[in-house]
Amino acid sequence: MISKEFFENVELMANERGITVEQALDAVREGLIKAYRKANGNASARVEFKPEKNEILMYSQHLVVEEIDPTLEVGQILLKDAKAISNRYKLGDTVEQKIDPKKEFGRMAVSTGKQTFNQSIRNAERENISEHFKKCENEMIDATVIRLDEKGATLSLANNYTTLLPRREILANDNFTVGEKIKVYLVSVEDAPKGPKIIVSRSDKNLVIRLMEQSIPEIQDGTIEIMGIARDAGDRSKVAICSTDPNVDAIGSCVGEKGSRINSIVSALNGEKIDLYKYSNTPEELIANSLQPAEVIAVIDVDPKAKTSLAIVPDDQLSLAIGKAGQNVRLAVQSCGWKIDIKSESDAKAEGRSF
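Residues numbered from 1 in each chain as written. Predicted model: local features only at pLDDT ≥ 70, side-chain atom pairs only at ≥ 80, totals over all residues. Heavy atoms only, no water.

Novice: Teacher, can you tell me more about the sheet that holds strand S9 (residues 197–201) here?
Specialist: Either a parallel or an antiparallel arrangement is found when strands of a sheet pair, and the pairing is made through backbone hydrogen bonds. Pairing within the open sheet is antiparallel, and its five strands lie in the order S7-S6-S5-S8-S9. The open sheet is flanked by strand S7 (162–166) and S9, the only strands paired with a single partner. Averaged over all neighbouring strand pairs, the angle between strand axes comes to 55°, with direction disregarded. In terms of strand pairing, strand S8 (residues 181–190) meets S9 through five bridges, oriented antiparallel. Following the sheet pairing, Tyr-185 is matched in S9 by Ser-201. (Pairing = 2+ DSSP bridges. Helix = DSSP H or I, 4+ residues; strand = E, 2+ residues; numbered from the N terminus. Axes fitted to C-alpha atoms, helices over the stretch in contact; angles between N-to-C directions.)

Set out below in C-alpha cells:
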C-alpha cells in the first residue's frame, strides 16, 4: 500500500504527542498485527515501512509443519501447501505472503487494531515523559502554576505534563497566582499505571543548593563549595561555604554586588532568609561561625569523637545565639554537624570555666 499522506500524518502526530516517528510507526505496526490476528485467529504477520517510497508492506507469516498443531500460537501451513507455493520451502521455514490490510480486516479487527494503536501511543508517551523527568531527578526545574485548591498547586511542567505540588511542600510565605512561574526541586519519578508520578517540592533543602548553583558562577565551577546546609523552609536557611581559591572571598561572592546574587535566591524563595557563614576545618572556628549573626567569645569542651562543644557568648548575645524557638542554634547544629551547648559569659564565669 502506498500513501504519502499516511507518513505525513504519522510525523505530525508524533510531534503533537511528544514521541518519535519510530515510536509512532511501532504503534501502527502493533495495531495492524493485532488486527490481523483478530481477523485470522493465531495467524502471524510482519509489517514493514518504507518512508522513502511512502510504502506500507504487510506480510502473513506461516510456519511450515508436517501437521497442524492447534496448541501453537502461530500461523501454520502444511508442507505440501508450502511446496505448492515454492518448492524451496522445508519444515521449519516461514512462508511470507504479501497481504492488503484494507481487504483483510473486518470491523471488529479494525476496532481491535485501533485500541492497540492508541494504547501503544499512550505507552510511548509515558515512556518518554518518564525518561525525560528521570534525567531531571534531584535537580531544580521550572514550573507554571495552573490551578490552586485545598490540595495544593497544580503545576505545568515540560512536555505539557502536570503534577501536584502538595500543600505540605509549599512554603508558608508562598502566595501563588495562576500563571506564576516558580522553581521546584524534582525529588523523584515514580512509575504509575496512568503515567509517571512526578514528585516535586519547594521545602527540600536541595532547592536552596540548586538556586545557589544557578545564581553563583563560583559554585558552578567549583571555586566555592557548599559544605553544609540546614533549612526551616520558608523562614530561614543556614549555609556553610568555603573557597578553594584563597583569592576568592566565599561570602562576598555569594552575596554579590549590592546583594544581587543572594537577593535573587531570596526572591525565588519568596523572602526566605539565607544565612551564610564560612566553613573551617578547625572545629572551634566552624562552630563560632555557625552561630552567626551572634558573637561568640570562645568555644570550649570540644570533643571530636562525640562531636560536642560549648559556646560562650556575651550576655547580651545569648538570645540571638539561641534564636527564636531555638532556631539559630538548631540550624547551626544541623549545618555544621556539631552538637552545640550555649552559655552566657556570666554563667560560664560563675561556674568557674576558663576560656
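Novice: Please explain the sheet that holds strand S12 (residues 273–278) as it appears in this structure.
Specialist: Reading across the sheet, the three strands line up as S10-S11-S12 and stay open at both edges, with mixed pairing between neighbours. Both edges of this open sheet fall to strand S10 (224–232) and S12, since each of them pairs with a single strand only. Taken over all neighbouring pairs, the strand axes of this sheet differ in orientation by 20° on average, direction set aside. Judged from the eight bridges that link them, S10 and strand S11 (residues 236–243) form a sheet pairing that is antiparallel. Note on S11: the bridge partner recorded for Gly-228 is Ala-240.

Novice: How should the packing of aromatic side chains be read in this particular structure?
Specialist: To describe a pair of aromatic rings, one takes the distance between the centres and the angle between the planes. Applying the stated rule across the entire model yields four aromatic pairs. For the ring pair Phe-133 and Tyr-161, a centre distance of 6.0 Å and an interplane angle of 45° mean the geometry is tilted. In this pair, Phe-133 sits in helix H5 (residues 107–134) while Tyr-161 sits in the loop between strand S6 (152–156) and S7, placing the two residues 28 residues apart along the sequence. A residue is classified by how much of its surface remains accessible, and Phe-133, at 1% relative accessible area, is buried. With a relative accessible area of 17%, Tyr-161 lands in the buried category. One aromatic cluster in this structure is built from Phe-6, Phe-7 and Phe-49. Across the ring face of Tyr-89, the terminal group of Arg-88 is positioned such that the distance to the ring centre comes to 4.5 Å. (Phe/Tyr/Trp six-rings, centres within 6.5 Å; stacked < 30°, edge-to-face > 60°. Buried < 20%, exposed > 50% of the residue type's maximum accessible area, 1.4 Å probe, protein only. Lys NZ or Arg CZ within 6 Å of the ring centre and 35° of its normal.)

Novice: I keep staring at the pattern of salt bridges and nothing clicks. Help me out?
Specialist: Side chains carrying opposite charge are able to pair once their charged atoms draw close together. Applying the stated criterion across every chain, the model contains 20 salt bridges. Between Arg-29 and Asp-26 there is a salt bridge; the shortest N-O distance is 2.6 Å. Linking Arg-29 with Asp-26, this pair stays in helix H2 (residues 21–39), spanning three residues, or about one helical turn. Judged by its relative accessible area of 24%, Arg-29 falls in the partly exposed class. In this structure, Lys-183 engages Asp-142 in a salt bridge whose closest nitrogen and oxygen atoms are separated by 2.6 Å. Of this pair, Lys-183 sits in strand S8 while Asp-142 sits in strand S5 (residues 139–149), and the two are 41 residues apart along the sequence. (Salt bridge = Lys/Arg side-chain N within 4 Å of Asp/Glu carboxyl O.)

Novice: What is the right way to look at the state of the cysteines in this model?
Specialist: Here, disulfide denotes a covalent bond that connects the sulfur atoms of two cysteines. One pass over the full model with this rule turns up zero disulfides. No disulfide involves Cys-242; its sulfur sits 10 Å from that of Cys-254, the nearest cysteine. Left without a disulfide partner, Cys-336 is nearest to the cysteine sulfur of Cys-242, which lies 14 Å away. (Disulfide = S-S within 2.5 Å.)

Interpretation in functional terms is not warranted from these geometric data alone.
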